[in-house]
Amino acid sequence: MSGLLDRRLLLVTGKGGVGKSTVAASLALRLAAAGLRTLLCEVNADRRLGRMLGHPEVGPDVADVEANLSMVDLQPDAAMREYVLSKIRLERVYRAVFENRMVRYFLRFVPALAETVMLGKVLWHLRQWPDAPGGFDRIVMDLPATGHALTLLGVPQSLVSALPSGPMSSEADWMLDLLTDPVITSAVLVSLPEELPVNETLELTDALRTRLRIRVGAVVLNQSVESRFGPADLSALAGRPGLSGLVQTYEEDARRTEEAVERLRAIDAPLLRLPRLVRPEIRREELVSLGDALAEGLR
Amino acid sequence: MSGPSLEEVLRRRRVLVCVGAGGVGKTTLAAAVAMRAAALGRSALVCTIDPARRLANALGLTWLGNAPTEVSTEVLAGAGIQLAAPLQAMMLDLKASWDDLIQRQAPPGQRDRILKNRFYQTLSTALAGSQEYIALERLGQLRDRSDAELIVLDTPPTAHALDFLDAPSRVLDFLDNEAARWLLDPALRASRLSLRLALWGGGVAAKTIGRIIGGDTLEELASFLGAVSGMNDRFRERARAVRALLASPETGFLLVAGATPERREEALRFHAVLGDRGLQRDGVVVNRVQEEPPASADAELEGLSEPLRGTLLRTLGEARALSERDRLGIRLLRDGTAPTPLIAIPRFPAEIHDLRALWRAGSYLLGEAAIL
């Protein structure tokens, strides 16, 4: 049986503000609850997921936060340090060269270096599966919004095609193998029932599949509204302007959801609707129930 | 009902920059702001990035060009809108703007070398801050050349407020990098032939870095920096001008926000950063606020039978909860951003893609309508 939750690396992305972090956190909680050792990563995101799940202390080092769940907030400097030390092994040389103010400054501008070391760290953990230290059964990445996510995920490919052979391009080879293996890796695209997010989901799908050769395993339509009222109901509400207005507004939202579903069907991947949440804050119980809905819908 | 108004701002400013996180409706509001300024008699130009196709169509931007186009008065009249001054709109093509900048600024002999260099490709498309930089660079140009009295700039979606405001400095750092010179100076001065030798003779630092990023990459970067070094003075001057423009009293910022918890935190951080830099915060616009269902709805439930009544009750409860959530969000935003004027715009039943809806959104910006 091979559903989405059997992929070892889930890449969650979409337009800004569509609820990527919510979906990533829900997936991770669900996988951990199923007894799978799960790593939830965010990318230089101000520890947003940590705050959402009640673990604000999680930083650039992988930390075990609860049963079967570890978290990390990837940061370029820390990932760089880890990477360099794995290559040159001499703390002394690292400090002398890479902690030099000028060098740090310079390295910020080497294209793709920050992305390579951050993505490399995640994929290193993926490679440690099943039993090596640092190995996890599942890794969920809460990626940045579309453009930045594509830059990040495209790094191994651009290194392989653009760079002469060298240390960075040899790293890129194995990274590319993992990212493009549909048995291992799958993208989960989050969208909203509005025109722009749907446009972006369609474009993102195309970029992932044709340009980066990354499998798109599921589309999650967040804040979906299901139709509740028919024409007969509206006629029954004649003379009740307040309720008629309420019903019209509601059904307009449902219509937008249908329109989005219609367009997203073109993607040819399982499409899952998550209901619109009405609470002022997203609490853990909502994440857990969203996780269950995701698992159910994406089996 | 009337509320706070941006009228004074629309009459006075030369430049309005709409900032905020992605997905809050910046582009649409930028268009509404420009339209209302034109209605007040100031010719206005809205400079958008990646608008929804339907919005582009509504504005008559069928040709997605990199230059201002006037929104036709017939199109406007068709929507029942009469403006007292011309309204122009344009799409900002970031890559084309970069190419254009290099075409204009690079010494003739270096142009192709720069445009084809892989580091230039990264700089113009992927380097953090480069999109923001070129948007600002273009703004500077428009400010100098456009005949519009008000320029409204929509900005790229930015994860961190600082990415946007620091863009001129960061890109300038890249092009005029003291550190790069320190590291690569021997290579920069060397001829192509001896570049590699010079580089590898360049000491332990270059050597160690080469082990990590590759000697060829280092060499290529050196070559790129060599090619652009002739442009540094011009870049510096432009970046200084852009920074000055942002801080100038003729420029104001509109922070577009959402009332939901995540959007709200980003907005508060952005607001604080603008303040720290001494930039003028003209308004916080909270977009897509869920309005309260009419109070009459409860009484209207009387006499309805199940299951309709139950479904209505549930729907009503959810609508109230959503509006309650947004009210709370607005209160927290207002507390955190006072005394910057805060304007709330309701979530419209349909997305704002036609001129009438833009006009309607504008009525909240001018305080002709209010929801609180």
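Procedures and definitions
- Residues numbered from 1 in each chain as written.
- Chains lettered and ligands numbered in written order.
- Predicted model: local features only at pLDDT ≥ 70, side-chain atom pairs only at ≥ 80, totals over all residues.
- Helix = DSSP H or I, 4+ residues; strand = E, 2+ residues; numbered from the N terminus.
- Rg over C-alpha atoms; globule rule 2.2 N^0.38 Å.
- Buried ≥ 20, exposed ≤ 12 C-beta atoms within 10 Å, placed from the backbone.
- Contact = placed C-beta atoms within 7 Å.
- Axes fitted to C-alpha atoms, helices over the stretch in contact; angles between N-to-C directions.
- Parallel < 35°, antiparallel > 145°, perpendicular 65-115°, else oblique.
- Nonpolar A, V, L, I, M, F, W, Y, C, P; charged D, E, K, R; others polar.
- Pairing = 2+ DSSP bridges.
- Expected span 1.5 Å × (residues − 1).
- Arc of directions from axis to C-beta.
- Left-handed = near helix turned anticlockwise from the far one by under 90°.
- pLDDT = per-residue confidence, 0-100.
- Core = buried A, V, L, I, M, F, W, Y, C linked by C-beta atoms within 7 Å.

Caption draft 1: Structural detail: the overall build of chain A. When its secondary structure is counted, chain A shows twelve helices and eight strands. Relative to the globule expectation of 19 Å for 299 residues, the C-alpha radius of gyration of chain A, 21 Å, shows essentially globular dimensions. Dimensions along the principal axes, computed over C-alpha positions, put chain A at roughly 80 × 45 × 40 Å. Evaluated residue by residue, chain A yields a buried proportion of 50% over its 299 residues. Taking all contacts inside chain A whose residues are at least 6 apart in sequence as the whole, residues at least 24 apart take part in 70%.

Caption draft 2: Representation of the overall build of chain B. In terms of helices and strands, chain B carries 19 helices and eight strands. Evaluated residue by residue, chain B yields a buried proportion of 47% over its 372 residues. Here the contacts in chain B between residues at least 6 apart in sequence split such that 76% fall between residues at least 24 apart.

Caption draft 3: Summary view of the packing of helix H2 (residues 26–39) of chain B against helix H19 (residues 355–365) of chain B. All names here are of chain B. Between H2 and H19, the shortest axis-to-axis distance is 8 Å and the interhelical angle comes to 75 degrees. What the angle tells us is that H2 and H19 run roughly perpendicular. Counting all contacts with H2, which are made through Thr28, Leu29, Ala31, Ala32, Val33, Met35 and Arg36, the residues of H19 involved are Leu358, Trp359, Ala361, Gly362 and Leu365. For the contact of H2 with H19, the per-class residue count stands at nine nonpolar, two polar and one charged.

Caption draft 4: Examining the environment of A:Leu53 more closely. Note that A:Leu53 resides in the loop between helix H2 (48–52) and strand S3 (63–66). Once the C-alpha coordinates of A:Leu53 and A:Leu287 are considered, the two residues, 234 residues apart in sequence, prove to be 9.0 Å apart.

Caption draft 5: Main features of the sheet that holds strand S6 (residues 185–191) of chain A. Residue and element names in this part refer to chain A. Taken together, eight strands build an open sheet; the order of strands is S3-S4-S2-S5-S1-S6-S7-S8 and the sheet is mixed. Each edge of the open sheet carries a strand with a single partner, namely S3 and strand S8 (271–275). On average, each strand axis in the sheet is inclined to that of its neighbour by 25 degrees, with strand direction left out of account. In terms of strand pairing, S6 meets strand S7 (residues 216–224) through five bridges, oriented parallel. Across the sheet, Val190 pairs through a bridge with Val220, a residue of S7.

Caption draft 6: A look at helix H8 (residues 167–179) of chain A. With 13 residues, H8(A) extends 19 Å from end C-alpha to end C-alpha; this agrees with the ideal 18 Å at 1.5 Å per step. When H8(A) is considered as a whole, its buried residues turn out to be A:Met168, A:Ser169, A:Glu171, A:Ala172, A:Met175 and A:Leu179.

Caption draft 7: Expanded view of unusual backbone geometry. In the segment running from A:Trp129 into A:Pro130, the intervening peptide bond is cis, with an omega of 0 degrees. With respect to the element layout, A:Pro130 can be found in the loop between helix H6 (113–127) and strand S5 (138–142). A cis amide bond, omega 5 degrees, links B:Glu306 with the succeeding residue B:Pro307. Structurally, the position occupied by B:Pro307 is in the loop between helix H17 (296–300) and helix H18 (308–337). One non-glycine residue, A:Asp268, lies in the positive phi region at around 60 degrees.

Caption draft 8: Structural context of the sheet that holds strand S1 (residues 15–19) of chain B. All names here are of chain B. The eight strands lie next to each other as S3-S4-S2-S5-S1-S6-S7-S8, forming an open sheet whose pairing is mixed. This sheet does not close on itself; its edge strands, each paired only once, are strand S3 (69–70) and strand S8 (342–346). As defined by bridge partners, strand S7 (residues 281–289) adjoins S8 across four bridges and the pair is classed as parallel. Across the sheet, residue Val285 finds its bridge partner in S8, namely Ile343. Relative to strand S2 (residues 44–48), H2 is tilted by about 170 degrees, and along the sheet it contacts S1, S2, strand S4 (87–91), strand S5 (150–154), strand S6 (251–258) and S7. The sheet strands contacting helix H8 (residues 130–145) are S1, S2 and S5, and the helix crosses S5 at an angle near 170 degrees.

Caption draft 9: Geometry of helix H5 (residues 94–105) of chain B. Residue and element names in this part refer to chain B. Between its terminal C-alpha atoms H5 stretches 16 Å, which fits the 16 Å expected from twelve residues at 1.5 Å a residue. For H5, the full list of buried residues reads Leu94, Trp98 and Leu101. Buried residues of H5, viewed axially, fall in a sector of 60 degrees; they line one side. Every exposed residue of H5 that faces more than 90 degrees away from the buried side is listed here: Gln103 and Arg104.

Caption draft 10: Up close: the packing of helix H16 (residues 261–276) of chain B against H18(B). Residue and element names in this part refer to chain B. With their axes 10 Å apart at the nearest point, H16 and H18 run at an angle of 10 degrees to one another. One way to sum up the angle between H16 and H18 is to call them roughly parallel. For the element pair H16 and H18, the recorded crossing hand is right-handed. Taking contact as the criterion, the partners of Arg264, Ala267, Leu268 and His271 in H16 are, on H18, Gly329, Leu332, Leu333, Gly336 and Thr337.

Caption draft 11: Highlighting the confidence of the model for chain A. Averaged over chain A, the pLDDT score is 88; the fraction of residues at 70 or greater is 94%. Ranking the helices and strands of chain A by mean pLDDT puts S5(A) first, with 97, and helix H5 (residues 101–107) of chain A last, with 65.

Caption draft 12: Representation of the confidence of the model for chain B. All names here are of chain B. For chain B, the mean per-residue pLDDT works out to 81, and 78% of the residues sit at or above 70. Ranking the elements of chain B by mean pLDDT puts helix H12 (residues 192–200) last, at 45, and helix H1 (residues 7–12) first, at 96. Per-residue pLDDT stays below 50 along residues 191–201; that stretch engages in 18 contacts with residues further than four places along the chain or on separate chains.

Caption draft 13: The arrangement of the pairing of S5(B) in detail. Residues and elements named next belong to chain B. Among the five residues in S5, five count as buried, and that is most of the element. With four bridges connecting them, S1 and S5 associate as parallel partners. For Leu16, the partnering residue across the bridge sits in S5 and is Val152. Relative to S5, S2 is paired through four bridges, and the arrangement is parallel. Paired with Leu45 across the two strands is Ile151, which belongs to S5.

Caption draft 14: Region of the structure containing the pairing of strand S4 (residues 69–74) of chain A. Residues and elements named next belong to chain A. Across the six residues that make up S4, a large majority, six, are buried. Covered by surrounding structure in S4 are Leu69, Met71 and Asp73 together with Ser70, Val72 and Leu74, the residues of both alternating faces. One ladder, built from six bridges, connects strand S2 (residues 38–43) with S4; its direction is parallel. Bridge pairing links Leu39 to Ser70 in S4. Here S3 folds back onto S4 in antiparallel fashion, the turn holding two residues, of which Asn68 has a positive phi close to 65 degrees.

Caption draft 15: Focus on the nonpolar core. Counting 89 residues, the largest nonpolar core has A:Val12, A:Ala28, A:Leu40 and A:Val188 as its most contacted members. When residues of this core are assigned to their parent elements, the largest contribution, nine residues, is made by H6(A). If we skip the residues at most four places from it in the chain, A:Leu40 touches A:Ala24, A:Ala25, A:Ala28, A:Leu49, A:Leu69, A:Met71 and A:Val140. Core analysis: the next-biggest nonpolar cluster, separate from the first, contains 78 residues, B:Ala31, B:Met90, B:Phe235 and B:Leu246 among them.

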